[in-house]
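Each chain, written out:
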Amino acid sequence: MKLQPNARFSTLCLHAGQTPDPTTGAIITPIYQTSTYVQDALGSHKGYEYGRTQNPTRSAVEANLAAIEGGKAGFGFASGMAAIGAVASLLVAGDHVVVGDNTYGGTFRLFDKVLTRYQLTFSYIDTSDPDLVARAITPATKLVFVETPSNPLMKLTDLAAIADLAHARGLRLVVDNTFASPAVQRPIEFGADLVVHSTTKYLNGHSDSVGGVVVATGDQDIEWLTFVQNAAGAILSPFDSWLILRGTKTLPIRMERHNANGQALAEFLAGHKKVRSVFYPGLPTHPQHALARRQMRGFGGMLAFDLGSLDAARTVLNTVRLMALAESLGGVETLISHPATMTHASVPAETRAHLGITDGLVRISVGIEDIEDLRDDLARALDAV
Ligand SMILES: *Cc1c(COP(=O)(O)O)cnc(C)c1O
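One structure accompanies this document, and this report is about it.

Cut-offs applied
- Residues numbered from 1 in each chain as written.
- Predicted model: local features only at pLDDT ≥ 70, side-chain atom pairs only at ≥ 80, totals over all residues.
- Heavy atoms only, no water.
- Axes fitted to C-alpha atoms, helices over the stretch in contact; angles between N-to-C directions.
- Helix = DSSP H or I, 4+ residues; strand = E, 2+ residues; numbered from the N terminus.
- Parallel < 35°, antiparallel > 145°, perpendicular 65-115°, else oblique.
- Left-handed = near helix turned anticlockwise from the far one by under 90°.
- Contact = heavy atoms within 4.5 Å.
- Nonpolar A, V, L, I, M, F, W, Y, C, P; charged D, E, K, R; others polar.
- Patch = residues over 30% accessible without salt bridge, like charges linked within 9 Å, V, L, I, M, F, W, Y side chains within 5 Å.
- Areas by Shrake-Rupley, 256 points an atom, 1.4 Å probe, with all protein chains shown as cover.
- Salt bridge = Lys/Arg side-chain N within 4 Å of Asp/Glu carboxyl O.
- Lys, Arg positive; Asp, Glu negative; His and termini not counted.
- Charge placed at Lys NZ, Arg CZ, Asp CG, Glu CD.
- Buried < 20%, exposed > 50% of the residue type's maximum accessible area, 1.4 Å probe, protein only.
- Pairing = 2+ DSSP bridges.
- Right-handed = clockwise from strand over helix to strand, strands pointing away.
- Core = buried A, V, L, I, M, F, W, Y, C linked by side-chain atoms within 4.5 Å.
- Domains from an automatic or database assignment.
- Phe/Tyr/Trp six-rings, centres within 6.5 Å; stacked < 30°, edge-to-face > 60°.

Notes on the packing of helix α9 (residues 251–270) against helix α13 (residues 371–383)
Now for step 1: Two elements in contact, α9 and α13, have axes whose closest approach is 10 Å; the angle formed by their N-to-C orientations is 30°. In terms of orientation, α9 lies roughly parallel with respect to α13. Relative to α13, the crossing made by α9 is right-handed. Mapping the contact onto sequence places Asn261, Ala264, Leu265, Phe268 and Leu269 in α9 and Ile371, Leu374, Arg375, Leu378, Ala379 and Leu382 in α13.
Now for step 2: Of the residues belonging to the contact of α9 with α13, the class tally is nine nonpolar, one polar and one charged.

Have a look at this one:
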């Protein structure tokens, strides 16, 4: 079993970073649940000294994720937020970052409540407009940090345009690719320098692990991230590494079903008389559908729709039976949530209004159940409105 240099996406998902265990031939990389490694003699070891610094299960998942994102090296962290924190450690006091104005709430909290204490500054910009991004860049800017599609309104950012614009000014582009997954979108192909993920979502895919990864392309970034992963120590555990390795083996076929179910549910909702608007990049009515076709392969499993009032949203959320009322996303089971009071509760009401996160907005992370069952569940809940 040897991976050829031209191996394609599904093959990489299954095999990259993994070789049969040299001592037993076990096809699956074992969970190396160990804190230390016995050395042969003083100053002589097998490349492994201490569990925070090196772990073979973590190395395997890091190589796997780097390969499927098309980067040079991956770094596993204890959560998506720890991964984003590691990226932020590339900055020094005085640096400025341009961030999407609808970035993940935890990212906003880290930037706004923690990192501003260290003389870092952030501008929150609608990155779907490259001109606004260009205008927000100052001589102190070091990074542009974007999420596409954004949460929960599925606004897209043109990755190639932002990468060109950033590179022309000597800046790095960081993309949080959690919502799309590398099966749907590979930002490095469009020029991104760093990709981060909450592996908690599609990469692990089974709602049973919390983790994060940074995939890097530049040698200097790789050197620093190698250092800081060990120095700060927010590492991904061996068991979580193993779960993600297991998850990425089925990522391509899971995403095919997430894409198909997402598209079908979006179309159903778009044709329903009680639904005011549907936000899904796969609908021809999505204002950036053409961009979605250029930079995504399939349109993902995330969608949102507006029912016009909190009462209507509450009725749907409390009436569905198959769909689970919960935060998070990207698992095989369908989750339904209310952004205004759940994921975006900490966002001030006026900012929510400005972003379009209304009280009638409902978000669905569409799972891989039979589409007829999902549609029946939603139809029944909408009938109750
Ligand atoms: C969940 C999420 C994160 C944070 O990841 P955790 O694993 O929860 O720390 C970051 N970005 C996006 C887009 C997310 O959905």
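Let's talk about a negative patch on the surface
Now for step 1: On the surface, a cluster of negative charge is made up of Asp370, Glu372, Asp373 and Asp376.
Now for step 2: Topologically, aspartate 370 is positioned in the loop between β12 (361–365) and α13.
Now for step 3: The class for aspartate 370 is partly exposed, based on a relative accessible area of 45%.

Things to note about the sheet that holds strand β8 (residues 277–279)
Pairing between sheet strands relies on hydrogen bonds along the backbone, with the strands arranged either parallel or antiparallel.
Now for step 1: Pairing is mixed across the open sheet formed by five strands, whose spatial order is β8-β9-β12-β11-β10. Since the sheet does not close on itself, it has two edges, and those belong to β8 and β10 (324–325), each with one partner.
Now for step 2: Where β10 and strand β11 (residues 335–337) come together, two bridges link them in parallel fashion. By the bridge assignment for β11, alanine 324 is matched with leucine 335.
Now for step 3: Where helix α11 (residues 310–319) meets the sheet, its contacts fall on β10, β11 and β12, and the angle it forms with β11 comes to roughly 155°.

Observations concerning the pairing of strand β2 (residues 96–100)
Now for step 1: A large share of β2 lies buried, amounting to five of its five residues.
Now for step 2: Bridge analysis of β2 against strand β3 (residues 121–125) gives five bridges, and the strand direction is parallel. By the bridge assignment for β3, valine 99 is matched with tyrosine 124.
Now for step 3: In this fold, β2 hands off to helix α4 (residues 105–114), which returns the chain to β3; that crossover is right-handed.
Now for step 4: Direction of pairing for β2 relative to strand β4 (residues 141–147): parallel, over a ladder of four bridges. Following the sheet pairing, valine 97 is matched in β4 by leucine 143.

Points about the nonpolar core
Now for step 1: Phe305 and Leu378 are the most contacted members of the largest nonpolar core, which totals 75 residues.
Now for step 2: Examining the composition of this core, we find that six residues originate from one element, α9, more than from any other.
Now for step 3: Formed jointly, this core draws a minimum of three residues from each of two domains, domain 1 (9–249) and domain 2 (252–383).
Now for step 4: For leucine 378, the contacting residues outside a window of four places in its chain are Leu265, Phe268, Leu269, Phe305, Val316, Val320, Met323, Ile336 and Ile364.
Now for step 5: One finds Ala73, Phe75, Leu115 and Leu143 within the second-largest nonpolar core, a separate group that totals 28 residues.

Overview of the sheet that holds strand β7 (residues 212–216)
Now for step 1: Spatial ordering of the open sheet is given by β1-β7-β6-β5-β4-β2-β3, a layout of seven strands whose pairing is mixed. With partners counted over all chains shown, the strands left at the sheet margins are β1 (73–77) and β3, one partner each. Strand-to-strand, the axes of this sheet are offset by a mean angle of 20°, without reference to chain direction.
Now for step 2: Where strand β5 (residues 172–176) meets strand β6 (residues 194–198), three bridges bridge the pair, whose relative direction is parallel. Across the sheet, residue valine 174 finds its bridge partner in β6, namely leucine 194.
Now for step 3: Sitting on the sheet, helix α2 (residues 56–69) touches β1, β6 and β7, and the angle it makes with β1 is about 125°.

Section: the packing of aromatic side chains
Now for step 1: Under the definition given, this model contains six aromatic pairs.
Now for step 2: Where tyrosine 37 meets tyrosine 48, the ring centres are 5.4 Å apart and the plane angle is 40°; that geometry is what we call tilted. Remark: tyrosine 48 occurs in the loop between α1 (9–15) and α2 and tyrosine 37 occurs in the loop between α1 and α2; sequence separation between them is 11 residues.
Now for step 3: By relative accessible area, which is 15% here, tyrosine 37 ends up buried.
Now for step 4: Where phenylalanine 108 meets tyrosine 124, the ring centres are 5.1 Å apart and the plane angle is 65°; that geometry is what we call edge-to-face. Placement of the pair is phenylalanine 108 in helix α4 and tyrosine 124 in strand β3, with a sequence separation of 16 residues.

By themselves, these figures tell us nothing about what the structure is for.
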